[in-house]
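Here is how the chains run, residue by residue.
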Protein chains: 2
Amino acid sequence: MRTLRADARRSREQIVQAAETAFRRYGADASLEAIAKDAGVGSATLHRHFRSRRQLAEAVFQERTEAVAAVADRLKAEREPGPALVHWLRAALEYAVANRGLVMTLLPPSDEDTATKVCGHQILAAAADSLLSAAQAAGAVRADVTVADTLALVNAMSLLAEQDATADVHHLLELAITGIGPSPSGPGSSRPAAGEMPRT
Amino acid sequence: MRTLRADARRSREQIVQAAETAFRRYGADASLEAIAKDAGVGSATLHRHFRSRRQLAEAVFQERTEAVAAVADRLKAEREPGPALVHWLRAALEYAVANRGLVMTLLPPSDEDTATKVCGHQILAAAADSLLSAAQAAGAVRADVTVADTLALVNAMSLLAEQDATADVHHLLELAITGIGPSPSGPGSSRPAAGEMPRT
DNA sequence: ACCTGAACACCGTTCAAGT
DNA sequence: ACCTGAACACCGTTCAAGT
């Protein structure tokens, strides 16, 4: 895979570009055959370069996923541990809903996929791990929350966004973060505002 | 639709039964053609009775969805408003993850579907509405939580369950309910246990 | 009125044949 | 080494023809 002949390299790049457009236009279920045609290659060529729909999606989104992971480092330096995690989760969701087809790469890979390549899931899991550990060490996040939980939360909202355009997934993420318990000023409330989980 | 000739009625019933098996076995994407074949009818017959995959799913799951809605009435009578809503959300999620293909009927219907029939979404929305109003009136749930939010939460977790077998969706729902803020005994915590949102 | 079988337009995967 | 075009097995939708 490292040393690709010039024409093969070009085929691959054209496929990825066509796929990017197709995913944006038609979502995760975009026709692979149409992508191959758009790229000006045969469908067999597409399948040689990308054994699965997911591998193609990984190639399309890898760079931007790494950029989101990089945001974690910045937040970790600039914010308190709790807010850093919260901000990053919001950013990750924003990124996921803005890129149709992306969530495919954020789900835990199946067994065959595991061996092959880097995937969006592991890139973001590493980023989340660092933020979550710090937040939990600072006592800003419950100890029973796992890295898998944080990513799964983003994935659940992303999947919903693809299926239900009316859903306010950002609001739902806030609920998951702050809980749906009574607000501080509500009647009968016994739960204060979550100072560690600021709105902005 | 009310007065169906005997043979048509039998066709319809066989299709629904075959679909129930197929959804359980293959999930929401089960082949409609295979369902028709299993039912011993032509695919055109299936399409006459059910104009869309969703309409077929509605027929398969309607009874059980109504049973879940009925649970809401029982909980409303037996529990305090806050716990009643929480328990019902858990029950709804359990029901959704236990029945592959069901979540299709719980998503808000698209415009064409709206006019046609009762759907799982509106059945559960009515049930959730009653519980949520009471819980909010009692101050047990934040005022900015909508009926759509509660159902969307269940739907998001259901969709995730279908895509990610490793996800602990029940744990995620608990997070959404109680928040991922610091636990009462955690260091630096300023948030007490949510008395209105008991674990059981 | 309701059904069937067939036709249609699509899809992803694979393989033999080319350069 | 890499590609193409074609073949294969599938899918959902629709329609003409039957009873």
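Residues numbered from 1 in each chain as written. Chains lettered and ligands numbered in written order. Predicted model: local features only at pLDDT ≥ 70, side-chain atom pairs only at ≥ 80, totals over all residues. Heavy atoms only, no water.

> How do you make sense of the overall build of chain A when you look at a structure like this?
Scanning chain A for helices and strands turns up 10 helices and zero strands. Going residue by residue from the N terminus, the α and β elements of chain A occur as α-α-α-α-α-α-α-α-α-α. Across the 200 residues that make up chain A, the buried fraction comes to 50%. In chain A, the proportion of contacts linking residues at least 24 apart, taken out of those at least 6 apart, comes to 66%. (Helix = DSSP H or I, 4+ residues; strand = E, 2+ residues; numbered from the N terminus. Buried < 20%, exposed > 50% of the residue type's maximum accessible area, 1.4 Å probe, protein only. Contact = heavy atoms within 4.5 Å.)

> Can you help me understand the protein's contact with DNA strand C in this one?
Near DNA strand C lie 21 residues; those nearest to it are H47(A), R53(A), S11(B), T45(B) and R48(B). In the model, a phosphate oxygen of DNA strand C is placed 3.1 Å from a nitrogen or oxygen of the S31(A) side chain. One of the side-chain nitrogen or oxygen atoms of H49(B) is found 3.4 Å away from a phosphate oxygen of DNA strand C. Elements supplying a minimum of two residues to the surface near DNA strand C: helix 2 (32-39) and helix 3 (43-49) of chain A together with helix 1 (6-26) and helix 3 (43-49) of chain B. It is helix 3 of chain B that provides the largest number of residues to the surface near DNA strand C, a total of five residues. (Near = heavy atom within 4 Å. Polar contact = N/O pair within 3.5 Å; in protein donor to acceptor, adjacent residues only side chain to side chain.)

> I keep staring at the pattern of salt bridges and nothing clicks. Help me out?
In a structure, side chains of opposite charge can pair up when their charged atoms sit close to one another. Residue and element names in this part refer to chain A. This structure, assessed with the given rule, holds 10 salt bridges over all chains. Salt-bridge contacts for R54 lead to E58; the nearest nitrogen and oxygen are separated by 2.9 Å. Here R54 and its partner E58 are both found in helix 4 (residues 53-78), four residues apart, which amounts to about one turn of the helix. Pair check on accessibility: R54 and E58 agree, each one buried. (Salt bridge = Lys/Arg side-chain N within 4 Å of Asp/Glu carboxyl O.)

> What exactly am I supposed to notice about the side chain of N155(B) here?
As for its position among the elements, N155(B) is in helix 9 (residues 147-163). The exposure class of N155(B) is buried, given its relative accessible area of 2%.

> Would you take a moment to explain the layout of surface pockets for this structure?
Remark: the empty space left among the atoms is shown by a probe the size of a water molecule rolled over them. Approximately 1,400 Å³ is the volume found for the largest pocket. At the level of secondary structure, the elements contributing two or more residues to the lining of the largest pocket comprise helix 4, helix 6 (103-106), helix 7 (111-116) and helix 9 (147-163) of chain A together with helix 4 (53-78), helix 5 (81-98), helix 6 (103-106) and helix 9 of chain B. Sorting elements by how many residues they give to the lining of the largest pocket places helix 9 of chain B first, with five residues. A class-by-class count of the residues in the lining of the largest pocket yields 20 nonpolar, 11 polar and 15 charged. (1 Å grid on protein atoms, 1.4 Å probe; cavity = no way out; pocket = protein on both sides within 12 Å on 5 of 7 lines; lining within 4 Å. Points joined across faces, edges and corners; volume = space filled by probe spheres on them. Nonpolar A, V, L, I, M, F, W, Y, C, P; charged D, E, K, R; others polar.)

> Looking at this structure, I do not really get the environment of A92(B). What am I missing?
Residues and elements named next belong to chain B. Assignment of secondary structure puts A92 in helix 5. Distance in space between the C-alpha atoms of A92 and V154 is 7.1 Å, their sequence separation being 62 residues. In contact with A92, other than residues within four places in its own chain, are V68 and V154.

> Help me out: how do you make sense of the protein's contact with DNA strand D in this one?
Not every one of the 20 residues close to DNA strand D is listed here, only the nearest: S11(A), T45(A), R48(A), L32(B) and H47(B). Backbone sugar and phosphate groups make up 62% of those atoms of DNA strand D lying within 4 Å of the protein. Between DNA strand D and the protein, one listed contact pairs a phosphate oxygen with a side-chain N or O atom of T45(A) at 2.7 Å. Within the side chain of H49(A), one N or O atom sits 3.3 Å away from a phosphate oxygen of DNA strand D. For the surface near DNA strand D, the elements supplying multiple residues, two or more each, are helix 1 (6-26) and helix 3 of chain A together with helix 2 (32-39) and helix 3 of chain B.

> Is there a simple way to explain the packing of helix 9 of chain B against helix 10 (residues 169-178) of chain B in this structure?
Helix-helix packing: each pair is described by the crossing angle between the helix axes and the interaxial distance. All names here are of chain B. Between helix 9 and helix 10, the least distance of the axes is 10 Å, while the angle of their chain directions is 155°. In this view, helix 9 runs roughly antiparallel relative to helix 10, as classed from their interaxial angle. Crossing geometry of helix 9 relative to helix 10 is assigned as right-handed. Judged by residue contacts, L153, M157, L160 and A161 of helix 9 engage V169, L172, L173 and A176 from helix 10. When the residues that make up the contact of helix 9 with helix 10 are grouped by side-chain class, the tally is eight nonpolar, no polar and no charged. (Axes fitted to C-alpha atoms, helices over the stretch in contact; angles between N-to-C directions. Parallel < 35°, antiparallel > 145°, perpendicular 65-115°, else oblique. Left-handed = near helix turned anticlockwise from the far one by under 90°.)

> What is the right way to read the nonpolar core from this model?
Generally speaking, nonpolar side chains in soluble globular proteins are found buried as a group. Ranked by size, the top nonpolar core spans 124 residues in total, and within it I35(A), W88(A), I35(B) and W88(B) carry the most contacts. In contact with I35(A), other than residues within four places in its own chain, are I15(A), A18(A), A19(A), A22(A), A30(A), L46(A) and L56(A). (Core = buried A, V, L, I, M, F, W, Y, C linked by side-chain atoms within 4.5 Å.)

> How do you make sense of the packing of aromatic side chains when you look at a structure like this?
By convention here, two paired aromatic rings are described through the distance between centres and the angle between planes. Residues and elements named next belong to chain A. In total, this model carries two aromatic pairs over all chains according to the counting rule given. A centroid spacing of 6.1 Å and a plane angle of 25° characterise the contact between F23 and F61, whose relative ring orientation is stacked. With F23 in helix 1 and F61 in helix 4, this pair connects stretches of sequence that are 38 residues apart. Take F23: its relative accessible area is 1%, and that puts it in the buried class. When its relative accessible area of 3% is taken as the criterion, F61 is described as buried. (Phe/Tyr/Trp six-rings, centres within 6.5 Å; stacked < 30°, edge-to-face > 60°.)

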